[in-house]
Amino acid sequence: MTEESKNLPTNFIKEIIDRDLEQGKNDGRIHTRFPPEPNGYLHIGHAKSIVLNFGIAKEYNGLCNLRFDDTNPIKEEEEYINSIIEDVQWLGFDWEDRLFFASDYFEQLYKLAEQLIKSGDAFVCDLTAEQIRSYRGTLTKPGTDSPYRDRSVAENLDLFRRMRGGEFPDGRRVLRAKIDMALPNLNMRDPVLYRILHATHPRTKDSWCIYPMYDWAHGLEDSIERITHSLCTLEFEDHRPLYDWCLVKLGVYHPQQIEFARLNLSYTILSKRKLLELVQEDMVSGWDDPRMPTISGMRRRGYTAAAIRNFCERIGIAKKDNIADMALLEYYVREDLNKTAPRVMAVLNPLKIVIDNYPEGQVENLPAVNNPEDPAAGNREIPFSRELYIEQEDFQEEPHKKFFRLAPGKEVRLKHAYIIKYERVVKDEQGNIKEVHCTYDPDTKSGGVNADRKVKGTLHWVSKMHSLEAEVRLYDRLFATANPNSVAEGTDFKSNLNPDSLKVITAQVEPGLKHVRAGDRFQFLRRGYFCVDIKDSNGGKLVFNRTVSLRDSWARIERMKLR
RNA sequence: UGCCGGGUCGUCUAAGGGUAAGACCGCGGCCUUUGGAGCCGUUAAUGGUGGUUCGAAUCCUCCCCCGGCAGCCA
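Just so it is clear, the structure is predicted and the values come from calculations on it, not from any experiment.

Cut-offs and rules
- Residues numbered from 1 in each chain as written.
- Chains lettered and ligands numbered in written order.
- Predicted model: local features only at pLDDT ≥ 70, side-chain atom pairs only at ≥ 80, totals over all residues.
- Heavy atoms only, no water.
- Pairing = 2+ DSSP bridges.
- Helix = DSSP H or I, 4+ residues; strand = E, 2+ residues; numbered from the N terminus.
- Axes fitted to C-alpha atoms, helices over the stretch in contact; angles between N-to-C directions.
- Near = heavy atom within 4 Å.
- Polar contact = N/O pair within 3.5 Å; in protein donor to acceptor, adjacent residues only side chain to side chain.
- Disulfide = S-S within 2.5 Å.
- Expected span 1.5 Å × (residues − 1).
- Buried < 20%, exposed > 50% of the residue type's maximum accessible area, 1.4 Å probe, protein only.
- Right-handed = clockwise from strand over helix to strand, strands pointing away.
- Domains from an automatic or database assignment.
- Contact = heavy atoms within 4.5 Å.
- Buried area = accessible area lost by both parts, 1.4 Å probe.
- Salt bridge = Lys/Arg side-chain N within 4 Å of Asp/Glu carboxyl O.
- Nonpolar A, V, L, I, M, F, W, Y, C, P; charged D, E, K, R; others polar.

### Focus on the sheet that holds strand E7 (residues 210-212)
- Spatially, four strands are ordered E4-E5-E6-E7 in an open sheet, and the strand pairing comes out antiparallel. For this open sheet the edge positions go to strand E4 (122-125) and E7, each flanked by a neighbour on one side alone. When the angles between neighbouring strand axes are averaged without regard to direction, this sheet yields 20°.

Following this line, the structure appears as structure tokens:
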């Protein structure tokens, strides 16, 4: 792992842990968990939680479990379980033999519910969902006791057992905690603990028709696993009193819940519900569409696990609502890929160049360094010949004064090859540039006698007769606005989708790319980082995804010009 | 408007009664056979008020603003 070690921020959770350790709490044991619900794919926001939980375990010599909180069979699927396992692993974390499922605890949870009934702290309620809602009161008005609140322990027990036995249809009855309908915290107004759901669970199949609610299940799962610090996001803050209530009433081991602010990222959304919507409405190609902020999408886009980890560590942990800058994430991919990605030449928008004084039919194989940041990456050879492609944007007939590329009267270096000089341009009837003729200086071959002659610009290129065609998918941010969730009345986040988030082009790439493997990452010189698509690239067709462009100071100059 | 939680550079995060710091972004420069990378420099912040104190981002008062909560979701 290439973790960045300098100046990483501390956080309030570590301070709590330090204090607990000083006080000898839990015998100095630190045990966390990452508890996803398998109702969608993991995204970068989950990565923040994963890095936090596994990171704390590692730092304090503790343990971190991977636990599926699979208590709602209606929304959960095996596909999601598998993808989550793959993603956490890919991110570089190891739960060893501690892969758990809430569903494995269903029997224990049920027994504890009976215990709660026996102590008079829970009752079976026959109110409908709508009735429960209206009995609950409002934010400012207290609720009203359910008419079933004072059933006897025996009757509650009998009814609850019959609920489990499948005697009642969905929604007919629920088990509720008996707390206080007048409490200002709505979660404490006799919350539902179990509901009837005749649904097939991905793991327990049809063995249950009652399922525990989050508030009942989660603290008990933590307790069963002897979790010391149960880290969750801010929206569960109001649930902590209930988390604590359940554990205290049962008299079981009591983990400490601590809440932190979830991640928001500019120009994207991090809501499983909304991401699902994009998938279901075909606004993206799937959960792993390279534009998606999902771990699988980012992986397919070419992001590295190290880049994601470094980002998560840098943004820190606090309780303040935040929107992290996409530019920071991009900084970390570039940082990682700069060190590791082999350089290669690819012309995205080809313009034909003819070297008039280069012998027809001649081919030279020129040595090229694979990665100037990594000497161990070695060299390769690339063919040079009379007809080449360069980028259309690297030639201007009437150049801006700071344009250091090919233009009338100008010379440029072709990377790894020669210095060439503009001679003339050939246009079609419409006046479009067809090709540019140049001459080369044979003495300026890279490594040769006049090779160190200074020219202002260096261009990448490919040999026309040797280059390979490749499909290149130019991805841009999924949303056009920094905060897609802020929308005008009557529209939703989808109105902020960026119509230009994907542009597919046909590029010409150097011949050595013929034998790439799925997932290989490269820097296309002067263009950005690209990776071989893991789904659509194969022997017959090369497909590259743009991970991120290079920082581009020319683009900045162009922008300044517009102002 | 009941309860809970938050307000520090443009962004994210530190500083826990003693010089408001770091990262990203931006800007400027150096360097460069990638206008990449690297290196150097730099702009920029404590929501307001009153108080305690030699000294307040930090403690107290009042106010303002933002977020969450009325699923048989998690």
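More follows now that the structure is in view.
### Quick notes on the protein's contact with RNA strand B
- Residues in contact with RNA strand B amount to 72 residues; listed here are only the nearest, Leu186, Ile315, Arg343, Ser446 and Gln523.
- By atom count, sugar and phosphate contribute 64% of the portion of RNA strand B lying within 4 Å of the protein.
- Here a phosphate oxygen of RNA strand B and a side-chain polar atom of arginine 195 are 2.9 Å apart.
- When residues of the surface near RNA strand B are traced back to their parent elements, those giving at least two are helix H5 (129-135), strand E6 (192-196), helix H11 (305-315), helix H12 (326-340) and helix H13 (553-562).

### What to know about the state of the cysteines
- Scanning all chains against the criterion turns up zero disulfides.
- There is no disulfide at cysteine 232, and the cysteine sulfur nearest it, in cysteine 64, is 14 Å away.
- With no disulfide of its own, cysteine 312 lies 14 Å from the sulfur of cysteine 64, the closest cysteine sulfur.

### Here we look at helix H4 (residues 106-118)
- A rise of 1.5 Å per residue sets the reference length of H4, with its 13 residues, at 18 Å; its end C-alpha atoms lie 18 Å apart and thus fit the reference within 8%.
- All of the buried residues along H4 are Phe106, Leu109, Tyr110, Leu112, Ala113, Glu114, Leu116 and Ile117.
- Residue glycine 120 follows H4 closely and has a positive phi angle near 80°.

### Looking at the pairing of strand E8 (residues 229-233)
- In terms of burial, E8 is largely enclosed, as five of its five residues are buried.
- Of the two faces of E8, the one carrying His229, Leu231 and Thr233 and the one carrying Ser230 and Cys232 are both buried.
- Relative to strand E9 (residues 256-260), E8 runs parallel, the two being bridged by five bridges. Residue pairing across strands places cysteine 232 opposite glutamate 259, the latter belonging to E9.
- Taken together, E8, helix H8 (residues 240-250) and E9 form a β-α-β motif whose crossover is right-handed.

### What to know about the pairing of E6
- In terms of residue burial, E6 counts as a mostly covered element, since five of its five residues are buried.
- In the sheet, strand E5 (residues 174-177) pairs with E6 via three bridges, with the strands oriented antiparallel. Residue pairing for E6: arginine 176 is matched across the bridge by valine 192.
- As paired strands, E6 and E7 are joined by three bridges and run antiparallel to one another. Opposite isoleucine 196, over in E7, you have isoleucine 210 as the bridge partner.

### Brief notes about the domain arrangement of chain A
- Here chain A is partitioned into domain 1 (4-260), domain 2 (272-342 + 470-562) and domain 3 (346-460).
- Listed as interface residues are 21 residues of domain 2 and, on the opposing side, 25 residues of domain 3.
- Here domain 2 packs against domain 3, burying approximately 1,900 Å² in sum over the two surfaces, 56% of which is carbon and sulfur.
- Broken down residue by residue, the surface that domain 2 buries against domain 3 is led by Arg526, Arg527 and Trp554, which jointly contribute 34%.
- Linking domain 2 with domain 3 are four salt bridges.
- In this structure, glutamate 391 engages arginine 527 in a salt bridge whose closest nitrogen and oxygen atoms are separated by 3.0 Å.
- Across the contact surface, domain 2 and domain 3 share nine residue pairs in polar contact (both at pLDDT 80 or more).
- Within the residue set of the side of domain 2 that touches domain 3, elements represented by two or more residues are H12, strand E22 (502-509) and H13.
- The leading source of residues in the side of domain 2 that touches domain 3 is E22, at five residues.
- Looking at side-chain class alone, the side of domain 2 that touches domain 3 contains 12 nonpolar, four polar and five charged residues.

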